[in-house]
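Spelled out, the chains give:
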Protein chains: 2
Amino acid sequence: MKSIITISREFGSGGHSIGEAVAKKLGYRFFDRELVNQVAERSGFSPEFIEESGEYASAKNSLLFAIATANQYTMNGISMLDKLYIEQTKIIEEIAQEGSCVIVGRCADYILREYRDCLHVFIHADMKSRAKRIVERFGEQERPAEKRLNEKDQRRKVYYKNYTGRTWGQAQNYDLCLNSGVLGSERCVELIAAACK
Amino acid sequence: MKSIITISREFGSGGHSIGEAVAKKLGYRFFDRELVNQVAERSGFSPEFIEESGEYASAKNSLLFAIATANQYTMNGISMLDKLYIEQTKIIEEIAQEGSCVIVGRCADYILREYRDCLHVFIHADMKSRAKRIVERFGEQERPAEKRLNEKDQRRKVYYKNYTGRTWGQAQNYDLCLNSGVLGSERCVELIAAACK
C-alpha cells in the first residue's frame, strides 16, 4: 500500500478536489493550502505571496516576481523565491516522514522522488473541460478562460523546470497520469485509490 | 464503456503483454503483430520492413532508412515510409470501425484522436525494470541493454513527432499513463479495465 500520494495538476483539471476525495477515501492527511500556511508561518512570507510564487516565476511583467528576485531582496545571498522553495522542501519532507498523506502541488513529486511508498500522480484535462470548470468556480473575467489557462500552464511549466530540471507533464515523471476530462473526477479518485493498493 | 483502447508504450515496459491481457479480460480483439501483417499484405512490404519502420525513421546510419526514404524509391512521389503510414492509418481506422479492440503502437492514439469511445493509454517504466525485461526476453547482446533502450526511445520519439507533430510520452496526449515498473503489469491491466468502464 502506497502511503504517500503526490498530485500535480493542470489548473482547472479538478486535481485539488480529486486529491481531497482520495485523502478522505483512504483516511490520509491532506495538504494543499494548509501546507502553504505552514510555510508562511515559518518563513515570515504572507500566504498570498507563497501561493503566487508557484505561478509567477516566469511572469516577467509581474511586479511581485521583480521584487522577489531582485538582488537587493535576498536573505543571506539567497533569493526570496529560492528561500521559499527550500522551506517548502523541508516541510514536505517532514510531512512525508509523519505518515500517510496526499500532497497537492508544490513540486512534491520531485522533492519526494527518492521516497519509497510514494505514488506520483499527474492530473490533466482538455482545454474545454478546464475552461468550463474555472468559469464555474471563479466566474467570467475580462480575459477569456482559455487565455488564463494558457498563462497558468506556462507559469507552472517554468516554475517546475526551474526547480526540478524536469519537463512538466512528461508521463515518465509520474506513476499515474489521468485525464479527468475524459475519465471524470469520481473515476479518477477510484483509480488513484486502486493504484495505491 | 470505452470500446477502443490504444496502447503506446516504451520498449521493455511490458505494454504489449499488458495490452494483450486487457483484450483477453474484456473480450476485445487485439492488434499488434497481426496489424503489421495486414499492412504488409496490402502494401507489398515485408512484415520485417514494416516492423522496423516504426523504429528507423530517425536512424540516420540505417541502410534501411536510407533506402526507404531515398527519392528514387518513391511511389507516385510519396516515400515508402509515408506510403506505409498511410496504409497503417486506413487499416487502424477500419479496425476501429469494426468494434471493440485493443491496438498497440503504430501511432493509433493519434490516428484515432477524434474517435469517441476511445481510451488512449501510455505505458512506461524506469530504465532498470525495462533493462531487466529486455534481457530476460531477448538475452544479453553486445551493446548494453540501457544503450539499446535509449536508442529505441529516441527512434520512437522521432517517428512519432514526424507523423503526429506531438511529443511522445507527453501526458496530455493520453487519457491514462501508467508506470508498469512501479505498479506491476497485473495492476496495470486492472486499472486500464477499470478506466474503460
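Since this is a predicted model, take the numbers as computed values, not measurements. (Residues numbered from 1 in each chain as written. Chains lettered and ligands numbered in written order. Predicted model: local features only at pLDDT ≥ 70, side-chain atom pairs only at ≥ 80, totals over all residues. Heavy atoms only, no water.)

What follows is about the overall build of chain A. Helix and strand content of chain A: 10 helices and five strands. Looking at the 197 residues of chain A, the share that counts as buried comes to 54%. (Helix = DSSP H or I, 4+ residues; strand = E, 2+ residues; numbered from the N terminus. Buried < 20%, exposed > 50% of the residue type's maximum accessible area, 1.4 Å probe, protein only.)

The next point concerns the sheet that holds strand 1 (residues 4-9) of chain A. Spatial ordering of the open sheet is given by 2(A)-3(A)-1(A)-4(A)-5(A)-5(B)-4(B)-1(B)-3(B)-2(B), a layout of 10 strands whose pairing is mixed. What marks the edges here is a single partner per strand, and that holds for strand 2 (29-31) of chain A together with strand 2 (29-31) of chain B. Looking at each pair of strands side by side, their axes are set apart by 15° on average, direction ignored. Relative to strand 3 (residues 101-104) of chain B, strand 1 (residues 4-9) of chain B runs parallel, the two sharing four bridges. If you follow Ile7 of chain B over to strand 3 of chain B, its bridge partner there is Val104 of chain B. The strands that helix 1 (residues 15-26) of chain B touches are strand 1, strand 2, strand 3 and strand 4 (118-124) of chain B; relative to strand 1 of chain B, the one it contacts most, it runs at about 165°. Lying on the sheet, helix 5 (residues 80-97) of chain B is in contact with strand 1, strand 2 and strand 3 of chain B; it crosses strand 3 of chain B at an angle near 160°. (Pairing = 2+ DSSP bridges. Axes fitted to C-alpha atoms, helices over the stretch in contact; angles between N-to-C directions. Contact = heavy atoms within 4.5 Å.)

Let us look at the interface of chain B and chain A. Each partner contributes residues to the interface: chain B has 24 residues there, and chain A has 23 residues. Carbon and sulfur atoms supply 51% of the area that chain B and chain A bury against each other, a total of about 1,800 Å² over both sides. It is Gln172, Asp175 and Arg187 of chain B in chain B that bury the most area against chain A; as a group they hold 25% of the surface buried on that side. The interface formed by chain B and chain A contains zero salt bridges. On the surface where chain B and chain A come into contact, there are 15 residue pairs in polar contact (both at pLDDT 80 or more). Residues that form the side of chain B that touches chain A fall into these classes: 14 nonpolar, five polar and five charged. (Buried area = accessible area lost by both parts, 1.4 Å probe. Salt bridge = Lys/Arg side-chain N within 4 Å of Asp/Glu carboxyl O. Polar contact = N/O pair within 3.5 Å; in protein donor to acceptor, adjacent residues only side chain to side chain. Nonpolar A, V, L, I, M, F, W, Y, C, P; charged D, E, K, R; others polar.)

Below, the discussion takes up the pattern of salt bridges. Residues and elements named next belong to chain A. For the coordinates displayed, the defined rule picks out 19 salt bridges over all chains. Between Arg130 and Glu10 there is a salt bridge, and its shortest N-O distance comes to 3.3 Å. Pair noted here: Arg130 is in helix 7 (residues 127-138) and Glu10 is in the loop between strand 1 and helix 1 (15-26), with a separation of 120 residues, a long-range link. Using a relative accessible area of 2% as the deciding quantity, one classes Arg130 as buried. Taking relative accessible area as the criterion, Glu10 reaches 4% and is therefore assigned buried.

Least-squares fitting of chain B to chain A yields an RMSD of 0.0 Å, with the transformation described by 0.0 Å of translation along the axis and a rotation of 180°. Here the transformation between the copies is reduced to the relation of a two-fold axis. (Least-squares fit on C-alpha atoms with pLDDT ≥ 70 in both.)

Attention now goes to the packing of aromatic side chains. All names here are of chain A. Summed over the entire model, instances satisfying the criterion amount to 10 aromatic pairs over all chains. Measuring from ring centre to ring centre gives 5.8 Å for Phe11 and Phe138, while their planes differ by 20°; the resulting arrangement is stacked. Separated by 127 residues along the polypeptide, Phe11 in the loop between strand 1 and helix 1 and Phe138 in helix 7 bring together distant segments of the chain. Using a relative accessible area of 18% as the deciding quantity, one classes Phe11 as buried. Ring-pair connections join several aromatic residues into one group, and the members of that group are Tyr85, Tyr159 and Tyr163. Here the basic side chain of Arg113 rests over the ring of Tyr110, its NZ or CZ set 3.9 Å away from the ring centre. (Phe/Tyr/Trp six-rings, centres within 6.5 Å; stacked < 30°, edge-to-face > 60°. Lys NZ or Arg CZ within 6 Å of the ring centre and 35° of its normal.)

Attention now moves to the packing of helix 2 (residues 33-43) of chain B against helix 5 of chain B. Residues and elements named next belong to chain B. Put simply, helix 2 and helix 5 touch, their axes get as near as 10 Å, and they point 125° apart. In terms of orientation, helix 2 lies oblique with respect to helix 5. The crossing of helix 2 and helix 5 is right-handed. For the pair formed by helix 2 and helix 5, the contact residues are Leu35, Gln38, Val39, Arg42 and Ser43 on the first element and Leu84, Glu87, Gln88, Lys90, Ile91, Ile92, Glu94 and Ile95 on the second. Residues that form the contact of helix 2 with helix 5 fall into these classes: six nonpolar, three polar and four charged. (Parallel < 35°, antiparallel > 145°, perpendicular 65-115°, else oblique. Left-handed = near helix turned anticlockwise from the far one by under 90°.)

Next up on the list: the side chain of Asn179 of chain B. Looking at the element boundaries, Asn179 of chain B is found in strand 5 (residues 176-179). At 3.0 Å, the side chain of Asn179 of chain B and the backbone nitrogen of Gly181 of chain B are in polar contact. A polar side-chain atom of Asn179 of chain B sits 3.2 Å from the main-chain amide nitrogen of Val182 of chain B. If near-sequence neighbours (up to four positions away) are discounted, Asn179 of chain B is found in contact with Tyr174 and Asp175 of chain A together with His124, Ala125, Asp126 and Gly184 of chain B.

Looking now at the nonpolar core. In this structure, Ile50, Ile103 and Leu112 of chain A together with Ile50, Ile103 and Leu112 of chain B are the most contacted members of the largest nonpolar core, which totals 66 residues. Leave out the neighbours within four places in its chain, and Ile50 of chain B touches Val36, Val39, Ala40, Ser43, Phe45, Leu84 and Arg106 of chain B. Counting 42 residues, the second-largest nonpolar core is a separate cluster that includes Ile7 and Ala23 of chain A together with Val102 and Cys196 of chain B. (Core = buried A, V, L, I, M, F, W, Y, C linked by side-chain atoms within 4.5 Å.)

A separate point is the environment of Leu35 of chain B. Residue and element names in this part refer to chain B. The residue Leu35 is located in helix 2 in this model. Accessibility expressed as a relative area gives 0% for Leu35, which makes it buried. The spacing of Leu35 and Gly105 is 70 residues in sequence and 9.9 Å in space, taken between C-alpha atoms. In this structure Leu35 touches Ile91, Ile92, Ile95, Ile103 and Arg106, once residues within four positions along its chain are discounted.

Treat this as a map of the structure, not an account of what it does.
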